[in-house]
Amino acid sequence: MKLSSGFWQTYKEVPADAEIPSHRLMMRAGLIQKSAAGIYNYLPFLVRTIRKVEEIVRSEMDKISYEVTMSVVTPGELWKESGRWDVMGGEMLKFKDKRDRDLCISPTNEETITDIFRGVVKSYKNLPTSLYQINTKFRDEIRPRFGLMRGREFIMKDAYTFHADVECMDKTYQDFYDGYCKIFERMGFEYTVVEADAGAMAGPGCKTHEFQVVADTGEDEIIYCKENDYAANIEKAQTKRAKVDFETSDSTLTEVPTPGMATIEDVCNFLKKPQTHSLKSLVYTASYTGKKAREEDILIQLLGDDTLNEVKLKNFLGCDRVLPANDKKLKELGLPVGFIGPHGLTAELRILLDSAVNADAAYVAGALKVDVHYSGLVPSRDITAFETVDLRLSRKGDLTWDETGTVDVRRGIEVGHIFQLGDKYTTAMKATVLDKNGKAMAPLMGCYGLGITRTIAAAVEQNHDENGIIWPVNVAPYHVYFASIVKSDEYKTIAEEIYRELLSAGVEVVYDDRKAGPGFKFKDADLLGLPLRLVFGERNFKESGELEIVERKSGTKHTCKKEDVVSTLQKILSGLS
RNA sequence: CGGAACGUAGCGCAGUUUGGUAGCGCACUUCGCUGGGGGUGAAGGGGUCGGAGGUUCGAAUCCUCUCGUUCCGACCA
């Protein structure tokens, strides 16, 4: 591509709302253009990268799955059939056609694929079945941000598999797991696979893993332990606290005045006790939908310096959502904010004690009266009824569950997520096949997502410096930025020859033949981040008859004769990742 | 959905408090000089100040409504 006749514009400044490097750099490098909140137009250079990522994904998927393309607009009936029309709620973009029929833009495709499957497969003999697509999705995220990282419209590879039994589902799951590893390795990522929470997608007990690209700006927190190879999303992570010193000497239940002290910190400082000698009380309301729709108020007891993991709470209760009680709710229950405790409750509350709490130790806790706390509260003695359950949020310095290692935290970008779904959709949508005995059975399903555009954002997030993007070779829009900085017609002709030679040799090259100074071109080259920059300058060429090649990532410089340009470039490229 | 802020040229911003000719930097166009890290001089083009209504002799500026965007929180394959 020749830049003089090309469509490309870079920028020194970008909109103030671009916060993270990948968003800023993609804007500055002229790769994307915002169309609406969380919706972007993909410009030519980015489209080439998208194609490359798609091809890497395709080549691995084609080994284990068939590619299909599902409709982007899907009928509401399918979602009503699976029961998700109402459950998906806000993030599904719904609308009506001129005949007043419900439609939506696919935020995900379990329903569609199950519909496709049941229309074709009638026998166990066709199992396992594995289908995938690469397509645009739309999720009306409440808060899109960070450019392609969390857009509302995005490109995703999603695959779905159907199985007669668990063994088969496990085997296919492993195939996708391995395939994903290959994909992310080929893209040159530093990534990690973590245990994840399945959320609303799958039933309990089903496997699910996330593929996380390591990056400080990632939105997810990963708990990991090098020694014993443990890694889990913080939502899922189960760890134990490092040794806690419990209070056992003074266990006389005593009221202590704590005027105006409504935080653990204040109370513990005042009483000169470590926060681990206090209990944090949190009040949540759990909602259950469906046939047994109801609400339940929960009082949670954590060690004073621990944080609640809401996902664990939700999973333990098996409810559809949990919400922290607001002031109004607390008033209804007669609970004074800042002085809530588990002893002497009058309201109907289900009490959950975090498993890190030693039920036989003594604690400081709210006394249910404004400006009063208890000291010497012993849960096993002073709380009428409670359940013990792991609810705390893991954190750095914790021990692994088997206590063989210490965990650390780092941030990641979720670029892939694989699930075992069980028979949730096949049962709900009556996608049954006949088994060996001629009996109808609902196949088990797996589903496997990989965000193409998010992966690209992650690639930039992980590969950039202060001057711009540094594309890994396999996903770079082009391989070589050919900056011609010659002036005279004579040399321009030579530059043109070199460009034509590169083209005919099949080198993926951008030819910067614009009327601009060298500095300008070098800045643009760095910003765009192609792996190699080939410089043709009169000064060097006159002196030595050589051109210069600079590696974007390392800054390493090479020189070569004009006739060796193609072979030298190819040689350097083959050594890069 | 709760809280907050912001909409002035393609982008970044000033002007709004105290109503009176719509500005600056980058980008863009033309010409010249320059030519190894966004160089430089001159001359240009581009804005119904998000929209609607109101107050006023006069509104980017004051008032009301509305739309859009962003931030914090909650939410989230």
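Residues numbered from 1 in each chain as written. Chains lettered and ligands numbered in written order. Predicted model: local features only at pLDDT ≥ 70, side-chain atom pairs only at ≥ 80, totals over all residues. Heavy atoms only, no water.

Caption draft 1: Quick peek at the pairing of strand β9 (residues 191–195). In terms of burial, β9 is a largely internal element, 4 of the 5 residues being buried. In this structure, β9 lies alongside strand β10 (residues 208–214), joined through 5 bridges in antiparallel fashion. What sits directly across from Y191, in β10, is V213. (Buried < 20%, exposed > 50% of the residue type's maximum accessible area, 1.4 Å probe, protein only. Helix = DSSP H or I, 4+ residues; strand = E, 2+ residues; numbered from the N terminus. Pairing = 2+ DSSP bridges.)

Caption draft 2: Here's a closer look at the protein's contact with RNA strand B. Residues in close proximity to RNA strand B total 47 residues, the closest being T108, R143, M156, D526 and E548. Sugar plus phosphate, as a fraction of atoms of RNA strand B within 4 Å of the protein: 43%. K487 is positioned such that a nitrogen or oxygen atom in its side chain is 3.1 Å from a base nitrogen of RNA strand B. Here R533 contributes a side-chain N or O atom positioned 2.9 Å from a base oxygen of RNA strand B. Among the elements of the structure, β8 (153–163), α8 (310–317), β23 (408–422), α14 (518–528), β31 (532–536) and α15 (538–544) are those that each provide at least two residues to the surface near RNA strand B. For the surface near RNA strand B, the element with the most residues is α14, which contributes 8 residues. (Near = heavy atom within 4 Å. Polar contact = N/O pair within 3.5 Å; in protein donor to acceptor, adjacent residues only side chain to side chain.)

Caption draft 3: Seen up close, the pairing of strand β7 (residues 129–138). With 9 of its 10 residues buried, β7 lies for the most part within the structure. Bridge count between strand β3 (residues 66–67) and β7: 2 bridges; the pairing is parallel. Note that in β7 the partner of Y66 across the bridge is L131.

Caption draft 4: Region of interest: the side chain of D158. Looking at where D158 falls in the secondary structure, it is placed in strand β8. Assessed through its relative accessible area of 3%, D158 is described here as buried. Of the polar contacts made by the side chain of D158, one reaches the side chain of K137; its length is 3.1 Å.

Caption draft 5: View of helix α16 (residues 565–574). Every buried residue of α16 is listed here: V565, V566, T568, L569, I572 and L573. Axial view of α16: buried residues confined to an arc of 165°, hence all on one face. Across α16 from its buried face, at more than 90 degrees, point the exposed residues K571 and S574. Buried-residue contacts for α16 involve β29 (480–484), α13 (489–504), β31, β32 (546–551) and β33 (557–561). (Arc of directions from axis to C-beta. Contact = heavy atoms within 4.5 Å.)

Caption draft 6: Broad picture of the side chain of K157. Following the sequence through the fold, K157 ends up in strand β8. Although buried, K157 forms no salt bridge, and the nearest oppositely charged side chain, D158, lies 7.2 Å from it. At a separation of 2.8 Å, a polar atom in the side chain of K157 contacts the side chain of Y180. Setting aside anything within four residues of it in sequence, one finds K157 in contact with V57, M61, Y132, Q133, I134, F176, Y180, Y448, G449, L450 and I452. (Lys, Arg positive; Asp, Glu negative; His and termini not counted. Salt bridge = Lys/Arg side-chain N within 4 Å of Asp/Glu carboxyl O.)

Caption draft 7: Structural detail: the sheet that holds strand β18 (residues 350–354). Read from one edge to the other, the open sheet built from 5 strands follows the order β17-β15-β16-β18-β21, with strand pairing classed as mixed. Whereas interior strands pair on both sides, the edge strands pair on one side only; in this sheet they are β17 (321–324) and β21 (387–389). Neighbouring strand axes in the sheet, compared pairwise and without regard to direction, differ in orientation by 35° on average. Across 3 bridges, β18 lies against β21 in parallel orientation. Within β21, the residue paired with D354 across the bridge is V389. Relative to the sheet, α8 contacts β15 (279–288), β16 (294–303), β17, β18 and β21, its axis offset from that of β17 by approximately 130°. (Axes fitted to C-alpha atoms, helices over the stretch in contact; angles between N-to-C directions.)

Caption draft 8: Main features of the packing of aromatic side chains. Summed over all chains, the structure comprises 15 aromatic pairs. Judged by centre distance (5.6 Å) and plane angle (65°), the ring pair of Y177 and F211 falls under edge-to-face. In this pair, Y177 is assigned in helix α6 (residues 166–186) and F211 in strand β10, connecting sequence segments 34 residues apart. Judged by relative accessible area, F211 falls into the buried class, the value being 0%. (Phe/Tyr/Trp six-rings, centres within 6.5 Å; stacked < 30°, edge-to-face > 60°.)

Caption draft 9: Region of interest: the pattern of salt bridges. As enumerated under the stated definition, the model contains 44 salt bridges in all. For R350, the salt bridge identified is with E387, shortest N-O distance 2.8 Å. With R350 in strand β18 and E387 in strand β21, this residue pair connects regions lying 37 residues apart in the sequence. The exposure class assigned to R350 is partly exposed, which follows from its relative accessible area of 25%. Within this structure, R241, D305, D306, R392, R395 and D398 form a network of salt bridges that share partners.

Caption draft 10: The arrangement of the packing of α13 against α16 in detail. Packing of α13 against α16 leaves a shortest axis separation of 10 Å and a crossing angle of 50°. Judged on the interaxial angle alone, α16 and α13 are oblique. Between α13 and α16 the crossing geometry is right-handed. Along its contact with α13, which presents I498, E501 and L502, the element α16 presents V565, V566 and L569. Classifying every residue of the contact of α13 with α16 by side-chain character gives 5 nonpolar, no polar and 1 charged. (Parallel < 35°, antiparallel > 145°, perpendicular 65-115°, else oblique. Left-handed = near helix turned anticlockwise from the far one by under 90°. Nonpolar A, V, L, I, M, F, W, Y, C, P; charged D, E, K, R; others polar.)

Caption draft 11: A look at helix α2 (residues 44–61). With 18 residues, α2 extends 25 Å between its outermost C-alpha atoms, agreeing within 8% with the 26 Å of an ideal straight helix rising 1.5 Å per residue. Every buried residue belonging to α2 is among F45, L46, T49, I50, K52, V53, E54, I56, V57, R58, E60 and M61, and all of these are buried. (Expected span 1.5 Å × (residues − 1).)

Caption draft 12: A look at the sheet that holds strand β20 (residues 372–377). Pairing within the open sheet is antiparallel, and its 3 strands lie in the order β14-β20-β19. The open sheet has two edge strands, β14 (254–257) and β19 (363–369), and neither has a second partner. Averaged over all adjacent pairs, the angle separating strand axes in this sheet is 35°, with direction ignored. Here β14 runs beside β20; their pairing, made up of 4 bridges, is antiparallel. Within β20, the residue paired with E255 across the bridge is Y374.

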